[in-house]
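Structural features, examined
The primary structure of each chain is shown beneath.
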Amino acid sequence: MFDSLIRFVRDQYRTNEFIPLHAPVFRGRERQLVLDTIDSTFVSSVGAYVDRFEKDMAVFTGSPRAVAVMNGTAALHVALKLAEVGAGDLVVTQPLTFVATCNAIAYCGAEPLFVDVDRHTLGLSPTALESWLSAHALIDDHGDCRTRVGHRRIRACLPMHTFGHPVELDALIDVCERWKLVLIEDAAESLGSYYKGRHTGTFGRIGVLSFNGNKIMTTGGGGMVLSDEDIGKRAKHLTTTAKIPHPYEFFHDEVGYNYRLPNLNAALGCAQLEQLPAFVESKRTLAQRYIAFFQGSDLQPIVEPQHCRSNYWLNGVICESPAQRDALLNATNDAGVMTRPIWTLMTRLPAHARALSGPLDNALWLEARVVNLPSGVLPV
Ligand SMILES: *Cc1c(COP(=O)(O)O)cnc(C)c1O
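The following refers to the structure shown. (Residues numbered from 1 in each chain as written. Predicted model: local features only at pLDDT ≥ 70, side-chain atom pairs only at ≥ 80, totals over all residues. Heavy atoms only, no water.)

**Digging into the site of the ligand**
Here is the rule we go by: Nearness of a residue to a molecule or strand requires only that one of the residue's heavy atoms be within 4 Å of it. Within 3.5 Å is the distance limit for a polar contact, defined as a pair of N or O atoms, with the added protein rule that one can donate a hydrogen and the other accept it, and that residues adjacent in sequence qualify only through two side-chain atoms. A helix here means a DSSP run of H or I that spans at least four residues, while a strand means a run of E at least two residues long, and both kinds are numbered starting from the N terminus. Residues are grouped as follows: nonpolar covers Ala, Val, Leu, Ile, Met, Phe, Trp, Tyr, Cys and Pro; charged covers Asp, Glu, Lys and Arg; every other residue, Gly included, is treated as polar.
Around the ligand sit 16 residues in total, of which Gly72, Thr73, Glu189, Ser210 and Lys215 are the nearest. Thr73 is positioned with one of its side-chain polar atoms (N or O) 2.5 Å from an oxygen atom of the ligand. In this structure, an oxygen atom belonging to the ligand sits 2.6 Å away from a side-chain N or O atom of Glu189. For the shell around the ligand, the secondary-structure elements that each account for two or more residues are helix H4 (72-82) and helix H5 (100-107). A per-element tally of the shell around the ligand places H4 first, with three residues. Taken together, the residues that form the shell around the ligand break down as five nonpolar, eight polar and three charged.

If you want it as structure tokens, here you go:
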């Protein structure tokens, strides 16, 4: 039943071997720059590639400042810390995300507050957020947003640009401003994605990128904090053990983290970033082919939202029914073409099963139907 899809994917990747969901591609100066760090001996916490990677990424995204860290989860943790999310606070997020989003909230001693996603973006719904807040929240005398019952502070809003498709940022920014929530974007999946011409991760007070091996470009493991100059300075300080610069003394003025990205990884990142525009083009071409392939079928491809240019990090389809989803997953994986369901909702995980939550109709609907298809950069 899914034979033509399997053949179609094999034609794209021109192989009869196993096809992964997303494999990294090293076609540029990766070997040269990584070897350069080895020859120089500067493979660790000191070296020129970290500075260069940060500057290049700031230019690419249009962010005033970019601070490299060892992975996207660490970047999220630091972003929440810099937004002054503390013990007992609530952070609004979506139930349909990778677990790292919620792990970072938990690291701060805070808890997620789940609101539904939109079906067309797969990301946090501004209308669902507004309706939850109108029914359950108030602004207190200090200008903090709090739950009416229990008086818990809702400090921040952490939407995630699912599979590279931007959430409805204009509307979300408006809700966050009126309810005094600090907007932090989990842009781990959306490097190379734009909303109304501006790069994702640069709309909130802080944005977070990931360069894990399965992302659109990789440093092996890595992440980035995007922000203005002041917050960027704080991010650098906090992620490099909070050391006060001095020729030889060791003075640390707060509890810092050793979250820095090694120079070795940054070198890989510099080489990958040189190819990022080509990667995005390749993925957008593949997405157009998937969309054409599914025309007139009962599987509905996920397409970029209006006013957006998506990196199409992962392509996906919405199945007609959960039964069809299972059949698709079984047929493709049995044939050596890797496909995966979307994540289990965060509200089903033991750590977050008792978290506050609004109605999650869209998230539940999508959870039962979305399948991701092979989406790696195409062979040349
Ligand atoms: C990949 C990813 C992260 C960060 O993951 P790391 O592996 O820690 O770099 C965070 N959030 C989402 C939604 C992701 O997909």
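Okay, back to it.
**Re a nonpolar patch on the surface**
The test is simple: Like charges within 9 Å and nonpolar side chains (Val, Leu, Ile, Met, Phe, Trp, Tyr) within 5 Å are joined into patches, using only residues over 30% in relative accessible area that form no salt bridge. Accessible surface area values rest on a Shrake-Rupley calculation with a 1.4 Å probe, where residue burial reflects the displayed protein chains alone. When a carboxyl oxygen of Asp or Glu lies within 4 Å of a side-chain nitrogen of Lys or Arg, that pair is called a salt bridge.
A grouping of Leu35, Ile38, Val43 and Leu264 is seen on the molecular surface, where their side chains present a nonpolar patch of about 290 Å² in accessible area. Along the polypeptide, Leu35 turns up in helix H2 (residues 30-40).

**Brief notes about the packing of helix H6 (residues 126-136) against helix H7 (residues 169-178)**
Rules: In this analysis, axes come from line fits to C-alpha atoms, helices being fitted only over the stretch in contact, and the angle between any two N-to-C directions falls in the range 0 to 180 degrees. Here the word oblique covers every angle except those under 35 degrees (roughly parallel), over 145 (roughly antiparallel) and from 65 to 115 (roughly perpendicular). The handedness criterion is simple: a crossing whose near helix is rotated anticlockwise from the far helix by less than a right angle is left-handed, and one whose near helix is rotated clockwise is right-handed. Contacts are assigned to residue pairs that have any heavy atoms within 4.5 Å of one another.
Packing of H6 against H7 leaves a shortest axis separation of 9 Å and a crossing angle of 20°. Between H6 and H7, the angle falls in the class roughly parallel. For the element pair H6 and H7, the recorded crossing hand is left-handed. Residues Pro126, Leu129, Glu130 and Leu133 of H6 form the contact with H7, whose participating residues are Ala171, Leu172, Val175 and Arg178. In terms of residue class, the contact of H6 with H7 is made up of six nonpolar, no polar and two charged.

**Details of the pattern of salt bridges**
As enumerated under the stated definition, the model contains 14 salt bridges in all. Arg155 is the partner of Glu84 in a salt bridge, and the nearest nitrogen-oxygen pair spans 4.0 Å. Here Arg155 lies in strand S6 (residues 154-158) and Glu84 lies in the loop between H4 and strand S2 (90-93), a separation of 71 residues in the sequence. With a shortest N-O distance of 2.9 Å, Glu130 and Arg178 are connected by a salt bridge. Of this pair, Glu130 sits in helix H6 while Arg178 is found in helix H7, placing the two residues 48 residues apart along the sequence. One salt-bridge network, held together by shared partners, links Glu130, Asp174 and Arg178.

**A closer look at H4**
Worth spelling out the cut-off: Each residue gets one of three labels from its accessible area relative to the maximum for its type: buried under 20%, exposed over 50%, partly exposed in between, using a 1.4 Å probe on protein chains only.
Burial within H4 is extensive, with nine of its eleven residues counted as buried. Turning to H4, its buried residues number three or more, namely Gly72, Ala74, Ala75, Leu76, His77, Val78, Ala79, Leu80 and Leu82. The N-cap residue of H4 is Asn71: its side-chain oxygen and the backbone nitrogen of Thr73 are 3.1 Å apart. Positive phi appears at Glu84, one or two residues downstream of H4, with a value of about 60°.

**Remarks on the sheet that holds strand S17 (residues 370-373)**
What counts here: In this scheme, strands are said to pair when DSSP sees at least two bridges between them.
Across the sheet, four strands lie side by side as S12-S14-S17-S15; this open sheet has antiparallel pairing. Edge strands, defined here as strands with exactly one partner in the open sheet, are strand S12 (300-301) and strand S15 (340-341). Pairing of S12 with strand S14 (residues 315-318) involves two bridges; the strand directions are antiparallel. Paired with Pro301 across the bridge in S14 is Val317. Where helix H9 (residues 263-294) meets the sheet, its contacts fall on S12, S14 and S17, and the angle it forms with S14 comes to roughly 20°.

Just distances and angles here, no functional claims.
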